[in-house]
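The chain contents come next:
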Amino acid sequence: MKVVMHYEVAPDGMAKAQANFAARRARLSEFHARGVLLMAGPFANPLEGAMGVFTNREAAEEFIQGDPLVINGVIAKWTLRECSYSKAPPLSGLENRGFAHSGGAASLCPRLHA
């Protein structure tokens, strides 16, 4: 089970972002070195937010609570979702129940909280 973090940028967040990059980079490096952050980064259009994938919910919550982008108002809202990933053949019928899959990898991600 992995946990996906999603960030939504505050209306004035981009104006505050640059001042927080060095501290944020250090936090990302710390969690990656601990082995609990698998990947993180902004979407292609940074105004659409960012995401991260963690090994567990506790690590994701710890990261968020001390993230300079959250503390300093760059991020307006965040969500966490637990996800199960499978590299097995697609699970038949999931697309009819609101789940997406492609290329043999299925993802089942129920929302934990908003």
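Parameters at a glance
- Residues numbered from 1 in each chain as written.
- Predicted model: local features only at pLDDT ≥ 70, side-chain atom pairs only at ≥ 80, totals over all residues.
- Heavy atoms only, no water.
- Core = buried A, V, L, I, M, F, W, Y, C linked by side-chain atoms within 4.5 Å.
- Buried < 20%, exposed > 50% of the residue type's maximum accessible area, 1.4 Å probe, protein only.
- Helix = DSSP H or I, 4+ residues; strand = E, 2+ residues; numbered from the N terminus.
- pLDDT = per-residue confidence, 0-100.
- Contact = heavy atoms within 4.5 Å.
- Expected span 1.5 Å × (residues − 1).
- Arc of directions from axis to C-beta.

Draft legend 1. Region of the structure containing the nonpolar core. Met5, Tyr7, Phe31, Phe54, Phe63 and Leu80 are the most contacted members of the largest nonpolar core, which has 18 residues in total. Only β1 (2-9), α2 (21-33), β3 (50-54), α3 (57-66) and β4 (75-86) provide two or more residues apiece to this core. Element by element, the count of residues in this core is highest for α3, at four residues.

Draft legend 2. Summary view of the confidence of the model for the protein. On average, the protein scores 83 in pLDDT, and the residues at 70 or more come to 75%. Averaged pLDDT values for the elements of the protein fall to 41 in strand β5 (residues 101-102) and rise to 98 in α3. Residue range residues 96-114 is modelled with pLDDT below 50. Its contacts to residues more than four positions away, or to other chains, number 50 contacts.

Draft legend 3. Structural context of α2. Here α2 contains 13 residues, and its C-alpha end-to-end distance of 18 Å stays within 8% of the 18 Å for a straight helix at 1.5 Å per residue. Where α2 is concerned, the buried positions are Arg24, Arg27, Leu28 and Phe31. Looking straight down α2, one finds that the buried residues subtend no more than 100° of arc, so they occupy a single side. Opposite its buried face, α2 presents the exposed residues Ala22, Arg25 and Ala33, each directed more than 90 degrees away. Of the surrounding elements, those touching the buried residues of α2 are β1, β2 (37-42), β3, α3 and α4 (68-71).

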